[in-house]
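Residue strings, one per chain:
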Amino acid sequence: MPLIYANWHRQSIDMTTFKALGLEEPFVNATLDLGFETPTEIQEKTIPVLLSGETDLIALAQTGTGKTAAFGLPLLQSIAVESRITQAVILSPTRELCMQITQEIKQYGKYLKGLNAVAVYGGASISEQAKQLKKGAQIIIATPGRLKDLMSRGYIDLGKISFCILDEADEMLNMGFYPEIKEILSKSPNDKATWLFSATMPKEVSRIAMKFMNDPFEISVGEKNTSTDSVRHEYYTIGGRDRYPALKRLVDANPGIFSLIFCRTKRDTQRIAEKLIEDGYNAGAIHGDLSQNQRDLVMNAFRKKQLQLLVATDVAARGIDVDDITHVINYQLSDEIETYTHRSGRTGRAGRSGISMVIATRSELRKIHAIEKKIKQEFVNKKIPTGLEICEIQLYHLANKVKETAIDQDIEGYLPAINDVLEGITREELINKMMSVEFKRFHNYYSKSKDLNSPSGNGESRQAKSRSKSYAPDTIRYFITLGERDGLDWKSLKDFVTGVLKLQGEEIFRIDVKESFSFFNTAPDLQDFVLSTLSASEFKGRPISIEISRNPEIAPGGGGRRRKKSRGKSSKFNKRDNFYGGKRKKGKSSGKRRKNR
Ligand code: AMP
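Residues numbered from 1 in each chain as written. Predicted model: local features only at pLDDT ≥ 70, side-chain atom pairs only at ≥ 80, totals over all residues. Heavy atoms only, no water.

Chemist: Explain the packing of aromatic side chains to me, please; I cannot follow it from the model alone.
Modeler: Note on aromatic pairs: each is described by the distance of the centres and the angle between the planes. Summed over all chains, the structure comprises 15 aromatic pairs. For the pair Y396 and F519, a centre-to-centre distance of 5.8 Å together with 50° between the ring planes defines the contact as tilted. Of this pair, Y396 sits in helix 17 (residues 387-404) while F519 sits in strand 17 (residues 518-522), and the two are 123 residues apart along the sequence. For the pair Y396 and F519, one class covers both residues: buried. Aromatic ring contacts, followed pair by pair, group Y396, F479, F517 and F519 into a single cluster. The lysine or arginine in question, K275, covers the ring of Y244, its NZ or CZ lying 4.4 Å from the ring centre. One cation-aromatic arrangement involves K305 over F258; the distance from NZ or CZ to the ring centre is 4.8 Å. (Phe/Tyr/Trp six-rings, centres within 6.5 Å; stacked < 30°, edge-to-face > 60°. Helix = DSSP H or I, 4+ residues; strand = E, 2+ residues; numbered from the N terminus. Buried < 20%, exposed > 50% of the residue type's maximum accessible area, 1.4 Å probe, protein only. Lys NZ or Arg CZ within 6 Å of the ring centre and 35° of its normal.)

The following block contains the structure:
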């Protein structure tokens, strides 16, 4: 695990505090108010250096590492708040990031009386911003274009600044802001301190550093240009025309998904979002052709989770400060390999794990291999779920949702009438009917759907391919009532299952963790042992239910082959063998514990 994430929950091991880094009481208290228990790695590395005197700094760090506080806290401690002269400028690539930094700076400086931090960015009223500036802002947080504009109109004078911070420098340069940055840096005092933060270090960023910085102190959080361990990378190979249906399947196969979907162009971004909305998803688009007002509305809805899917261009996504994105979906890959690092870094943040999925055609596979080399991590080649797999997942999800839903007291008054309507229907029938009502949309859509996997992309992970050689072709897939909600991801679920069963890691495979349940496979001879042992076990004091998954298309390497056992009667669409009413009752496995395990 790279250090960035390793640092988040280690208060009991390392007693380093914000105070120990040299921060004064008002700032220590502000971090305590925010619930920051210990500094993150980047904060630990930068804060003492930045407090020790005026030095230039280059920090390689991605968003989510706590970099805003890493520069914000020492900056606030270093400015003279009693003066209204502009002492620092923070440059950021987008309006959203600009607003986010300003908000954080205000939170960190909440006990600093007289602090005026002003955000200036394009797409908003310049006269309103000018009004704010007239009061005298010690810190200005700006997008480069608007800053230059306000400088040329005489509203901003950088002649006396002591600090210039470039946040997400690589992104600003990607967006073509080199001329503005150059002008801003050359029109401010030579003896100012310049702090540059960047996720990657392309040539253009090094050029800025060489030209405008003086013997900078360099730090790096995590390995340069690599993605983090908290993100699993997957790709799905499809035919060119199946990109959109494939996207829908990936979304449907992950009912708890909260996702950013990346397209290459503004047009595609808008088009895909519109199609998703038409198809009944809570989706929205964010790209440069929208007005600021529209962008704000979409962002707010996404932050509040009113939108489950946000389709974005790379540029527009830069300012998205949402920590709990579960999946990044690369609907189309960008030509720039570095872009992939930015995209996948939007998930797996703040100690959580995430999945970055790529929908690729065969001709794009070489790009995937180039990315693998760059990020030094292997992609798992996965299979677009079949219609039946999706139906099963949705059905389990629905059943869990029903189970978990708190009873609304307001409904009580209607119950006698409802009971009358439902009289004579057995519990089994009622469950069946309720599931059928809710389930129609998926069943109707998917029951006759085709396999979307491109023949070359047989959808097996490389690991699974090698495993399938050592097992009989048939394997057993299990459904278990543990999921992300229990704080598990595929790795920790595997650890838990192998721990309980005392199996080797490779004996458990095709692990798929959903919000409140998961799937995994074993060889058939383990079936009874797995069912009896796990159904008799607990997870954190909670009993576990485990069932054989009824999805027939599960054999690794099966590529759509059906398991004989699952034909006909055992299909979950068969009324006699419904999801609840399978022949084997939960916890009553006839399996005997395997000896010597
Ligand atoms: P950033 O990398 O600046 O975008 O920060 C990501 C998130 O981490 C922000 O929401 C911060 O509020 C939060 N954060 C920053 N420092 C800490 C810390 N030491 N402990 C916990 N959360 C933090």
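The discussion continues.
Chemist: I tried to follow helix 13 (residues 292-303) on my own but got confused; where do I start?
Modeler: Residues that lie three or four places apart on an α-helix share one face, since the helix turns once every 3.6 residues. With 12 residues, helix 13 should reach 16 Å at 1.5 Å per residue; the first-to-last C-alpha distance of 16 Å fits that figure. The set of residues buried in helix 13 consists of Q292, R295, V298, M299, A301 and F302. A positive backbone phi angle near 65° is found at K305, which sits one or two residues after helix 13. (Expected span 1.5 Å × (residues − 1).)

Chemist: Just to check I follow, could you spell out the packing of helix 4 (residues 67-78) against helix 5 (residues 95-108) for this structure?
Modeler: When two helices pack together, their arrangement is captured by the angle between the axes and the distance separating the axes. Running from N to C, helix 4 and helix 5 cross one another at 50°; their axes reach a closest spacing of 10 Å. With respect to helix 5, the axis of helix 4 lies oblique. Along this stretch, helix 4 crosses helix 5, giving a crossing that reads as right-handed. Residues T68, A69, F71, G72, L73 and L76 of helix 4 touch helix 5, and the partners they reach there are I101, E104, I105 and Y108. In terms of residue class, the contact of helix 4 with helix 5 is built from 7 nonpolar, 2 polar and 1 charged. (Axes fitted to C-alpha atoms, helices over the stretch in contact; angles between N-to-C directions. Parallel < 35°, antiparallel > 145°, perpendicular 65-115°, else oblique. Left-handed = near helix turned anticlockwise from the far one by under 90°. Contact = heavy atoms within 4.5 Å. Nonpolar A, V, L, I, M, F, W, Y, C, P; charged D, E, K, R; others polar.)

Chemist: Honestly, the side chain of D314 in this entry has me stumped. Any pointers?
Modeler: Position of D314 relative to the elements: it lies in helix 14 (residues 314-317). In terms of polar contacts, D314 uses its side chain to reach the side chain of R343, at 2.7 Å. Those residues in contact with D314 that sit more than four places away from it in its chain are F262, C263, S334, T339 and R343. (Polar contact = N/O pair within 3.5 Å; in protein donor to acceptor, adjacent residues only side chain to side chain.)

Chemist: So what exactly am I meant to see when it comes to the environment of R318 here?
Modeler: Structurally, R318 can be placed in the loop between helix 14 and strand 12 (327-330). On the accessibility criterion, R318 (6% relative accessible area) is buried. With 221 residues separating them in the primary sequence, R318 and L97 have C-alpha atoms 7.3 Å apart.

Chemist: Would you take a moment to explain helix 6 (residues 126-134) for this structure?
Modeler: Those residues of helix 6 that sit buried are I126, Q129, A130 and L133. The buried side chains of helix 6 occupy one side of the element, clustering within an arc of 105° when seen end-on. Away from its buried face by more than 90 degrees, helix 6 exposes S127, K131 and K134. On its buried side, helix 6 packs onto strand 3 (117-120), strand 4 (139-142) and helix 7 (144-152). Following helix 6 by one or two positions, G136 adopts a phi angle in the positive range, close to 95°. (Arc of directions from axis to C-beta.)

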